Amino acid sequence: MSHSFWIATMPLDPASLQGQARSADLALRAAIDAGRAGALAVEIIRDDQAQGRLALLLSVADDLASPTQFTCWLAYSNDPGWCNRFCAFGIPMLEAHIELSGGHLKVHAAVYPTRVGLNPVVLSDQPLIEIQGVDPGPYGKSDPESSPKPWYAQFLSAPDVAQQTRDVLTRPAPWEVQRSDLRSPARNEAAIKVQAAAYPDLAAIIEAQGATPALAALSAGRLVDSAQSILRDSEVPQPSHGVEPPSKSVPPQRQTSDSVFGRPRFRFEEVEIVGFRLELPERTLPKLQALADALNFHRKLSGICTDFSYRVSTPTVVIELLRYGRMRSLEPLAPLQSDDSMAQHELIVRLLVGKVDDDGSQARDAAQYVPAIFVDNPWSKYVGREMQGFKKEIAEFCIDERPTPDDQHDFHPVGRDGKRPGEEKAEPLTSIVRVRVPPSFEHVDDSQPKALLDIQYPAGGIDDDRFDRVDIDAILNSSVFTSSRWRQVDFSDVDFRRSFARQAMKEGFNRYRSVQVTPVDGRDLPKTWINGGFTLKDVQAQFPIGVAVLKLGAKGVDEDEGDEGVDDDEAVDGDEGVDKDDGWFRLCKLLKSENMLEISLPTGDWYRLKCSMDLSIQNGLDW
């Protein structure tokens, strides 16, 4: 496997970055303070085997003509796996549509569009970057002496172990980029065009350099050996350019977080939910506990209190499909405003967990833990993984456009707001009948994206108007008790079936706690719990009549047919691209072992909600 690259630079005024490069602000700030931000560098990486797989890295460079050091502050890729791996090594990369044809690169990404006056803006997909004159190959005569060989100076960061809402812990993460077949591109100038936006406003950065901005192409060639390690999800070696690797004995540094989304307080409006209760056998509890074992990282640490464990309280698993009409940060930083919003769909798995003391017999502190979550919003995914402990993945949420039930399925994704292209009205949430992973570049011949979840609703349809309001006072009503996410009959363990169960059910649909762990990707920083509080308002509920059928799937789940007795944690399938630590994969493996990958849910075991919702992350010292 090999990857080609193309590098170009242009002059840069560091002041033009103010407020537009917060996604990697700590690394960027260090580069500016050290005087290493005199040029803007663009690097394009292409997979030579699957040439549609691309990444674009925007960085500051220490020199315009002969750069030796880059610091990336924003990057895009059309491969979600690359985004995960680059972020794990300190390079902030988001999903986008990227095409490269005839030397013409186009990036279509989710941005907050240009603001008109003081009016709020809504995150939307739009053309963002075009570069004409890109020439990553074919490879010509090697010119290693005259071609620059820059490396990347980045920072890893994760929420502080005590003050998660304010501070982050950081550690230097230099990336050695070994390059071969170096050559000077045949075209020495490339035209760059960027679309103005409220955030990220690349036009403010590019156009500040002059009326006719152009990139000077410096180098092209192959990424080899250790440079490809970041692309293959392995440990990144340290640079040899006279830079000392950071010692792991040196503690990480505490910094004030400077995310453009501000302190983690969010308001979600126009929320719709379709939820499904999966009542699994008691014998599945050990495997469900394995899904939540990330919460017990403290049991392996020394010098801190480890006299309790998080335990899964019930084998009843909740899977929910959500649509957020408006998601707003309540304390954003400029250039965003509190009325600016985004929309998204979400597929989420919920486990109910509690703390059990080593010398106690009653569980406490009921909270929901999410081992798997999928969204169709790159910014939501990035913030969730970096700051909130949600290991989000990108998915497509599809309706079936076949004319009649007798025709073949014709699945098409809808927008984050539920609208089809060119339509003004959103599709009902219950029109989403398939959630799937985006098309993969792992196997070029795979034409059909892998389905994660198929939903079949009752043939008679669903009444979209019959919702009952759920007030806090109505929680004492027995009908609400039997129709919330969890019920008294779900708790058989004596540690959970008394006060813990009462607490969990009393909160009902109106409020709940969550607990997650960060970092989610194994980066070399201390782990900590992220404690969140969700408050639902104006809750309306519906318990539709009829049977809903779920069919779950994950890549690689069916590869080990006939391997009876093989432990789920062992390497049971060798399919490239299968993450056997992924929560959804492990849940599907569990359900497959119980012959429950297809589940029929009668009336009462699935529900619909409409509401608004507030989320606030709380500091560990305040929890």
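Our subject is the structure that appears above.
Here the structure is a predicted model, which is why all the values come from computation and not from measurement. Within every chain, residues take consecutive numbers counted from 1 along the sequence as written. With the structure being a predicted model, the display of local features is reserved for residues of pLDDT at least 70 and the display and counting of side-chain atom pairs for 80 or more, all residues being used for whole-chain, interface and lining totals. Hydrogens and water molecules were not included; the side-chain quantities draw on all heavy atoms of the structure.

(A) Main features of the sheet that holds strand β15 (residues 253–256). Sheet architecture is open: three strands sit in the order β10-β11-β15, paired in antiparallel fashion. Each edge of the sheet is formed by a strand with only one pairing partner; in this case those strands are β10 (155–159) and β15. Geometrically, the sheet is characterised by an average inter-axis angle of 35° between neighbouring strands, direction not taken into account. Pairing of strand β11 (residues 167–172) with β15, which is carried by four bridges, proceeds in the antiparallel orientation. Pairing of Thr-170 across the sheet is with Gln-253, part of β15. Note on pairing: DSSP must find at least two bridges between two strands before they are called paired. The secondary structure listing takes helices from DSSP runs of H or I that are at least 4 residues long and strands from runs of E that are at least 2 residues long, numbered from the N terminus. Where helices are involved, their axes are fitted lines through C-alpha atoms of the stretch in contact, as for all axes, and angles between N-to-C directions lie from 0 to 180°.

(B) Molecular detail of the pairing of strand β18 (residues 316–329). β18 sits mainly inside the fold: twelve of its 14 residues count as buried. Sheet analysis places strand β16 (residues 265–279) next to β18, joined by 13 bridges and oriented antiparallel. Its bridge partner being in β18, Val-271 is matched across the sheet by Tyr-324. With eight bridges connecting them, β18 and strand β19 (residues 342–357) associate as antiparallel partners. Paired with Glu-320 across the bridge in β19 is Ile-348. We call a residue buried when its accessible area falls under 20% of the maximum for its residue type, exposed when it is over 50%, and partly exposed in between, using a 1.4 Å probe and counting protein chains only.

(C) Spotlight on empty space enclosed by the protein. Using only the protein atoms, space was sampled on a 1 Å grid; points where a 1.4 Å probe fits but cannot get out form cavities, open sets with protein on both sides within 12 Å along at least five of seven lines form pockets, and lining residues are those with an atom within 4 Å of a point. Grid points are joined across faces, edges and corners, and a volume is the space filled by probe spheres set on the points. All chains considered together, the criterion is met by five cavities of 30 Å³ or more. The wall of the largest cavity is formed by 31 residues, among which Phe-268, Met-327, Ser-380, Gln-388 and Lys-392 lie closest to the centre. For the lining of the largest cavity, the secondary-structure elements that each account for two or more residues are β16, β18, β19, β20 (364–375), α5 (378–388) and β27 (511–518). Think of it as three bins: nonpolar holds Ala, Val, Leu, Ile, Met, Phe, Trp, Tyr, Cys and Pro, charged holds Asp, Glu, Lys and Arg, and polar takes everything else, Gly as well. Residues that form the lining of the largest cavity fall into these classes: 18 nonpolar, eight polar and five charged. Within this model, the second largest cavity holds a volume of roughly 110 Å³. As for the second largest cavity, its lining consists of 14 residues, and the residues nearest its centre are Leu-352, Gln-368, Trp-486, Ala-504 and Glu-507. Secondary-structure elements contributing two or more residues to the lining of the second largest cavity are β20, α7 (499–507) and β27. Per-class residue counts for the lining of the second largest cavity are seven nonpolar, three polar and four charged.

(D) Just the layout of surface pockets, in detail. Each pocket or cavity is described by its volume, and for the second largest pocket that value is around 970 Å³. Every residue lining the second largest pocket is counted, 38 residues in all, and those nearest its centre are His-97, Asp-125, Asp-376, Val-414 and Arg-416. Those elements that place two or more of their residues in the lining of the second largest pocket are β6 (97–101), β7 (104–111), β8 (124–132), β18 and β22 (396–400). The leading source of residues in the lining of the second largest pocket is β7, at three residues. The residue makeup of the lining of the second largest pocket, split by class, is 18 nonpolar, nine polar and eleven charged.

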